[in-house]
Amino acid sequence: MPDKGGYTLGPLFNVVANTAVSWFSRKQKTPTLAHEAPLYASLSDSICIEQVDLQRANSPLFLQLSLRWEESRVGLIGNNGSGKSSLVRLLNGLITPQQGRVSVFGYDTVKQAALMPALVGFIFQNPDHQMIFPTVAEELAFGCEQLGQSAQQARVSALALLTEQGIASWADRPVTQLSEGQKQRVCILSVLIMKPRLLILDEPFSSLDLPTRRQLLALIHSTDMHVLLISHDLSVYADFDRLIWVDEGQIKADGAPDDVIRTYLAAIDKLSVSL
Amino acid sequence: MISLYLAHSSWLHRLPAGFKLCLLAAASMIILPVTQLEWMVVFTLAAALLYVTLGNRGWQNLEMVRPLLPFLAVIMLFHLWAGSFYEGGVSVLRLVTMFLLANLVTLTTRMSDMMEALQPVFRPLQWIGISPRALALAVALMVRFAPVLVLVMNSLDEAWRARGGRKKKWRLIAPLIIQAIRLSDHVAEALTARGGSSGISVRPIETRR
Amino acid sequence: MNKDRTLVQIALYAAVIAALGLLPKFNIPVAGGVPLTAQTLGLMLAGIMLGPVRGFLSVALFILVVALGAPLLAGGRGGLGVFAGPTVGFIVGFPFAALVTGLMMQQLQRVNLFAAALISSIVGGILVLYAFGIPGMVVMTSLDFAGAAKAILVFIPGDLIKALIAALIAQSVLRAMPGIIPSRQAIV
């Protein structure tokens, strides 16, 4: 029979060493927490895309695209693959242009990329792709931690927001147990808690039931953030300031929602006749 | 997320996680060198007794030894073969005792507390570029997405069976991996949009209009 | 972006390994009456799909979460108890199996994918894994080396089948997503 003393000391030693380290570290104070991220002054009120060239999958999508707006409710329409998703991803630096410049409220999305997550909130189409954490409270707290709050502070902020929304009981619920509408609501709250100035929503209504959809629409109209909304449902643009139609990487129409929708529908009808 | 943690309160739940790990280490130091069968029996019974002190749901967890039994039987068999019955008995009981004790810590410690207690152990990982924050994020992501991928797997399985597939279920693993890769692209994008794994260092002034 | 992407990939692949273990009665051909779990298949694929470093980290993450108390090992096992069991050597060897599988894939870049994946899986997922597993059993069970080796020899045929399946899966994933396998980005 082998001498077990010799064999077992290895793993045993590890356990002892590990626990000893954890024991001593208890005596130490928790490291001082980083202060909240410093603030940068606002430089401008407009969102600018200036002469942007962008390649996607080796074929050019945008060539010398320029666009500028100051309105607070702007919509984006177009068929699938038209470049809407790439366009909005330019605005928070998820995609960087090969040529040209994109700036949001005067901040360059490439040179000041570090500012973008706090400046631009992004709500994706599928809530399941967006939620990073197992429970609702953790999901909301993440945004606060990102901005420099300690874990405890962040949890307090998250619980405060949930209470304010009347859904305090959701805090420790696993996100996988929420309904689609509830998931989307959590995603929205987890972005709002970071207080961005521009909110981008990429087809947020597709998985929503009617009540959640109306809630979200009400939020879009009541918030003091700038909103950029992508939706296939044209009825949601009723009270928007401006609507932009993108097709094959080009701006086809740009202006008051009613006019743009009329042009867009006319073009679609013409196309379906020729089918 | 499923966890082995017993949501319930007992004297062991109230002890700090780091302390429990220390106790476990101390217990293993005492138990591992023992070679007398009598003592080993005493230790095993003592470990089982600890489960009883957890209350009426505690002792039911003694059955968690069951998956270990086939292994133990094989080990015993091989010891019999080698003619070392006594040593076999000692080592099987030692395994049972150590398993019971280690499992006891798991049963009475929340995953988050365990993670917290292990933080000092992870600190050296910073030297090779893995920050405690990135590690915590990775753990959270895995715990979040394991059930999602099980759901994906189940729906793949349904689709497979709806088309008459019964056998060769391993064929579902390739689409599972493909979906996981697609999912990871989306999740990475969402993570970056919210400041990424390193957090936000500067931010713009909020202006109220 | 790149750092986040790597982190998410590692975590999601660890979740894939967990999902493979959570499946009840995974229908893999049974060799010699020994039921096969899909989990060691997961390690081989980690090395193949993610490469050595990310594969290692991903499997290590999986083991960490198991140690924290998630019952994610095949058969619903988990927690610190598994580190006090006779199979602890295998569990500790999991990340290294993925590491070596990934390294072998890099070495075999010029061999065709199926053969490379098969050889890598055998070397990483069987040889390396057993090189950890058998000494682990010797330590935990006080069997001698030969005894421990004999006790787990019954798993070898099943593991060979898994290596074969891993290679088949790698092939079909690469067909669906060209360029996704790190050691095969230039070719194909």
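About the thresholds
- Residues numbered from 1 in each chain as written.
- Chains lettered and ligands numbered in written order.
- Predicted model: local features only at pLDDT ≥ 70, side-chain atom pairs only at ≥ 80, totals over all residues.
- Domains from an automatic or database assignment.
- Helix = DSSP H or I, 4+ residues; strand = E, 2+ residues; numbered from the N terminus.
- Pairing = 2+ DSSP bridges.
- Axes fitted to C-alpha atoms, helices over the stretch in contact; angles between N-to-C directions.
- Contact = placed C-beta atoms within 7 Å.
- Nonpolar A, V, L, I, M, F, W, Y, C, P; charged D, E, K, R; others polar.
- Core = buried A, V, L, I, M, F, W, Y, C linked by C-beta atoms within 7 Å.
- Buried ≥ 20, exposed ≤ 12 C-beta atoms within 10 Å, placed from the backbone.
- Arc of directions from axis to C-beta.

Chemist: Honestly, the domain arrangement of chain B in this entry has me stumped. Any pointers?
Modeler: Interfaces are often sized by the accessible area lost when the parts come together. Domain annotation of chain B identifies domain 1 (11–117) and domain 2 (131–193). The gap between the C-alpha centroids of domain 1 of chain B and domain 2 of chain B is 34 Å.

Chemist: Before we go on, may I ask you to explain unusual backbone geometry in this structure?
Modeler: The general pattern is negative phi for most residues beyond glycine and trans for most peptide bonds. Residues and elements named next belong to chain A. The residue phenylalanine 105 is not glycine, and still its phi comes out positive at about 50°. Structurally, the position occupied by phenylalanine 105 is in the loop between strand E5 (99–104) and strand E6 (107–108). In this structure, glutamate 203 is a non-glycine residue whose phi angle is positive, near 45°.

Chemist: Which parts of the structure should I look at to understand the sheet that holds strand E7 (residues 120–123) of chain A?
Modeler: Strands belonging to one sheet form pairs held by backbone hydrogen bonds; the direction of such a pair is parallel or antiparallel. Residues and elements named next belong to chain A. One open sheet accounts for six strands, arranged E7-E8-E9-E4-E10-E11; its pairing is mixed. The open sheet terminates on both sides in strands that have one partner only, identified here as E7 and strand E11 (250–255). Averaged over all pairs of adjacent strands, the angle between their axes in this sheet comes to 15°, without regard to strand direction. Pairing of E7 with strand E8 (residues 198–202), which is carried by four bridges, proceeds in the parallel orientation. Pairing of phenylalanine 122 across the sheet is with isoleucine 200, part of E8.

Chemist: I tried to follow the interface of chain C and chain B on my own but got confused; where do I start?
Modeler: The interface is formed by 57 residues belonging to chain C together with 56 residues belonging to chain B. Counting residues per element, the ones that place at least two in the side of chain C that touches chain B are helix H1 (2–22), helix H2 (39–50), helix H3 (52–68), helix H5 (113–141), helix H6 (145–153) and helix H7 (156–176) of chain C. Here the side of chain C that touches chain B is built from residues that sort into 39 nonpolar, 13 polar and five charged.

Chemist: I would appreciate a short explanation of the environment of leucine 54 of chain B in the present structure.
Modeler: Residues and elements named next belong to chain B. Its location among the elements puts leucine 54 in the loop between helix H3 (37–52) and helix H4 (69–81). Between the C-alpha atoms of leucine 54 and histidine 13, which are 41 residues apart in sequence, the distance is 9.1 Å. For leucine 54, the contacting residues outside a window of four places in its chain are Ser10 and Leu12.

Chemist: Can you walk me through the nonpolar core in this structure?
Modeler: Soluble, globular proteins show a tendency: their nonpolar side chains are buried together. If you look at the biggest cluster of nonpolar residues, it comprises 212 residues, and the most contacted ones within it are Met142 of chain B together with Ala11 of chain C. For this core, the leading source of residues is H5 of chain C, giving 15 residues. Residues lining this core come from more than one domain, with at least three contributed by each of domain 1 (11–117) and domain 2 (131–193) of chain B. Setting aside chain neighbours within four positions, we find methionine 142 of chain B in contact with Ala11, Ala14, Ala15, Ala18, Leu61 and Val65 of chain C.

Chemist: Honestly, H6 of chain C in this entry has me stumped. Any pointers?
Modeler: Helical periodicity: at 3.6 residues per turn, an α-helix aligns residues three or four positions apart in one direction. All names here are of chain C. Restricting attention to buried positions, one finds in H6 the residues Gly147, Ala148, Ala151 and Ile152. Down the axis, H6 shows its buried residues gathered within 120° of arc, on one side only. Facing away from the buried side of H6, by more than 90 degrees, are the exposed residues Phe145, Ala146 and Leu153.

Chemist: Whenever I open this one, the pairing of strand E4 (residues 73–77) of chain A confuses me. Can you help?
Modeler: A regular strand carries its side chains on alternate faces of the sheet. Residue and element names in this part refer to chain A. Most of E4 is tucked away, with four of its five residues classed as buried. Bridge count for E4 against strand E9 (residues 226–230) is four bridges, and the pairing is parallel. Its bridge partner lying in E9, valine 74 is registered against leucine 228. Both E4 and strand E10 (residues 242–247) contribute to a ladder of four bridges, which runs parallel. Paired with isoleucine 77 across the two strands is tryptophan 245, which belongs to E10.

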